[in-house]
Amino acid sequence: MPLPKVKLRELNLSDVEDRYEWSLDEQVTKHLVVPDEYPPFTREDTEQWIKLCISKSNGYEQRAVITEEDKHIGWVDLKNFDKVNKNAELGIAIGDRKYWGKGYGMSALLEMLRVGFLEFNLVKVWLRVDIDNLSAIKSYERAGFINEGLMRKDRYRKGEFVDRYRFSILKEEFIKV
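Rules and cut-offs
- Residues numbered from 1 in each chain as written.
- Predicted model: local features only at pLDDT ≥ 70, side-chain atom pairs only at ≥ 80, totals over all residues.
- Heavy atoms only, no water.
- Helix = DSSP H or I, 4+ residues; strand = E, 2+ residues; numbered from the N terminus.
- Rg over C-alpha atoms; globule rule 2.2 N^0.38 Å.
- Contact = heavy atoms within 4.5 Å.
- Areas by Shrake-Rupley, 256 points an atom, 1.4 Å probe, with all protein chains shown as cover.
- Lys, Arg positive; Asp, Glu negative; His and termini not counted.
- Charge placed at Lys NZ, Arg CZ, Asp CG, Glu CD.
- Phe/Tyr/Trp six-rings, centres within 6.5 Å; stacked < 30°, edge-to-face > 60°.
- Lys NZ or Arg CZ within 6 Å of the ring centre and 35° of its normal.
- Buried < 20%, exposed > 50% of the residue type's maximum accessible area, 1.4 Å probe, protein only.
- Arc of directions from axis to C-beta.
- Pairing = 2+ DSSP bridges.
- Axes fitted to C-alpha atoms, helices over the stretch in contact; angles between N-to-C directions.
- Expected span 1.5 Å × (residues − 1).

Colleague: How do you make sense of the overall build of the protein when you look at a structure like this?
Modeller: Looking only at helices and strands, the protein features six helices and seven strands. Helices and strands appear in the protein in the N-to-C order β-α-α-α-β-β-β-α-β-α-β-β-α. Against the 2.2 N^0.38 benchmark of 16 Å for 177 residues, the protein shows a C-alpha radius of gyration of 16 Å, consistent with a compact globule. Dimensions of the protein along its principal axes, counting C-alpha atoms only, are 40 × 40 × 35 Å. At a minimum sequence separation of 6, the contacts of the protein that also span at least 24 residues come to 60%. Total accessible area computed for the protein in this model is approximately 9900 Å², and 52% of it derives from carbon and sulfur atoms. Computed over 30 positive and 31 negative side-chain charges, the inter-centroid distance for the protein is 4 Å.

Colleague: How should I be thinking about unusual backbone geometry in this particular structure?
Modeller: Note: most residues except glycine have negative phi, and most peptide bonds are trans. A positive phi angle, near 60°, is found at Lys56, a position not held by glycine. Structurally, Lys56 can be placed in the loop between helix H3 (43-55) and strand S2 (61-67).

Colleague: Looking at this model, I keep getting lost on the packing of aromatic side chains. Mind explaining?
Modeller: What describes a pair of aromatic rings is the distance from one ring centre to the other and the angle between the planes of the rings. Counting across every chain of the model gives nine aromatic pairs. Following the ring pairs from residue to residue traces out a cluster consisting of Tyr140, Phe145, Tyr165 and Phe167. Lying across the ring of Trp100, Arg97 places its NZ or CZ 5.9 Å from the centre. Above the ring of Trp126, the side-chain terminus of Arg166 is found at 4.1 Å from the ring centroid.

Colleague: Any chance you could explain helix H5 (residues 134-142) here in plain terms?
Modeller: Residues lying three or four places apart along an α-helix face the same way, a consequence of the helix completing one turn every 3.6 residues. All buried positions along H5 are accounted for by Ala136, Ile137 and Tyr140. Considered in projection along H5, the buried side chains sweep an arc of 100° and stay on one side of the axis. Seen from the buried face of H5, the exposed residues on the opposite side, beyond 90 degrees, are Leu134, Ser135, Lys138 and Arg142. Where H5 is buried, its residues meet strand S4 (87-94), helix H4 (104-119), strand S5 (124-130) and strand S7 (160-170).

Colleague: How do you make sense of the side chain of Asp15 when you look at a structure like this?
Modeller: One can find Asp15 in the loop between strand S1 (6-10) and helix H1 (16-23). Discounting residues that sit within four places of it in the chain, Asp15 has contacts with Arg9, Glu10, Ile50, Ala64 and His72.

Colleague: I tried to follow the sheet that holds S1 on my own but got confused; where do I start?
Modeller: To summarise the sheet geometry, strands pair through backbone hydrogen bonds and adopt either a parallel or an antiparallel arrangement. On the basis of which strands lie adjacent, the open sheet formed by seven strands has the order S1-S2-S3-S4-S5-S7-S6 and mixed pairing. The open sheet is flanked by S1 and strand S6 (146-157), the only strands paired with a single partner. Within this sheet the neighbouring strands show an average axis-to-axis angle of 30°, counted without direction. Here S2 pairs with strand S3 (residues 72-82) via six bridges, running antiparallel. Pairing of Arg63 across the sheet is with Val76, part of S3. Each of S4, S5 and S7 touches H5; the most contacted strand, S5, lies at about 160° to it.

Colleague: Honestly, the pairing of S6 in this entry has me stumped. Any pointers?
Modeller: Put simply, side chains in a regular strand alternate between the two faces of the sheet. Relative to S7, S6 runs antiparallel, the two sharing eight bridges. Note on S7: the bridge partner recorded for Ile146 is Ser168. Here S6 folds back onto S7, and the loop between the two strands holds two residues, one of which, Lys158, carries a positive phi near 50°.

Colleague: Help me out: how do you make sense of H3 in this one?
Modeller: In this model, H3 (13 residues) spans 18 Å end to end at C-alpha, consistent with the 18 Å of a helix rising 1.5 Å per residue. Of all the positions in H3, only Thr46, Ile50 and Cys53 are classed as buried. Along the axis of H3, the buried residues cluster in a sector spanning 55°; they form a single face. Contacts from the buried residues of H3 go to H1 and S2. Looking one or two residues beyond H3, the residue adopting positive phi is Lys56, at roughly 60°.

None of the figures reported here should be taken as evidence of function without further support.
Set out below in structure tokens:
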């Protein structure tokens, strides 16, 4: 089955309402590193975050995920850039659950890998994923990511520490895909 087409665009302030609404959905935020309280963010917090991303003053290269029908459905980012070793961490979320399980996340992931490897000339892109996020793990493996290992008690979530895996993909592995 061919993947749906998406485009990645720079964030803008019109994204605030979608992002805020997605932050209220605990299924969307379960595997994201967000505060444990509900709601994790106010509308004002969300706007401030997007302003930081727009100005690029927070170290994030964050893009909105847009469908062919011009619908904003999520975001993907590169962060924790290591300029010496030419790597960065990837984060992704499809906030609109109507688009889950249909390939939109994979399309956005592959587009952001292109950005990382071709625009930023990275050698490696890595990510962290909760060990119980099985659908994400399957997607990362399908995209060519390799499990580099277990990070024990790496994230505090809902009152307890959870383990996460670290996955990565190298530029030469991505080019083959």
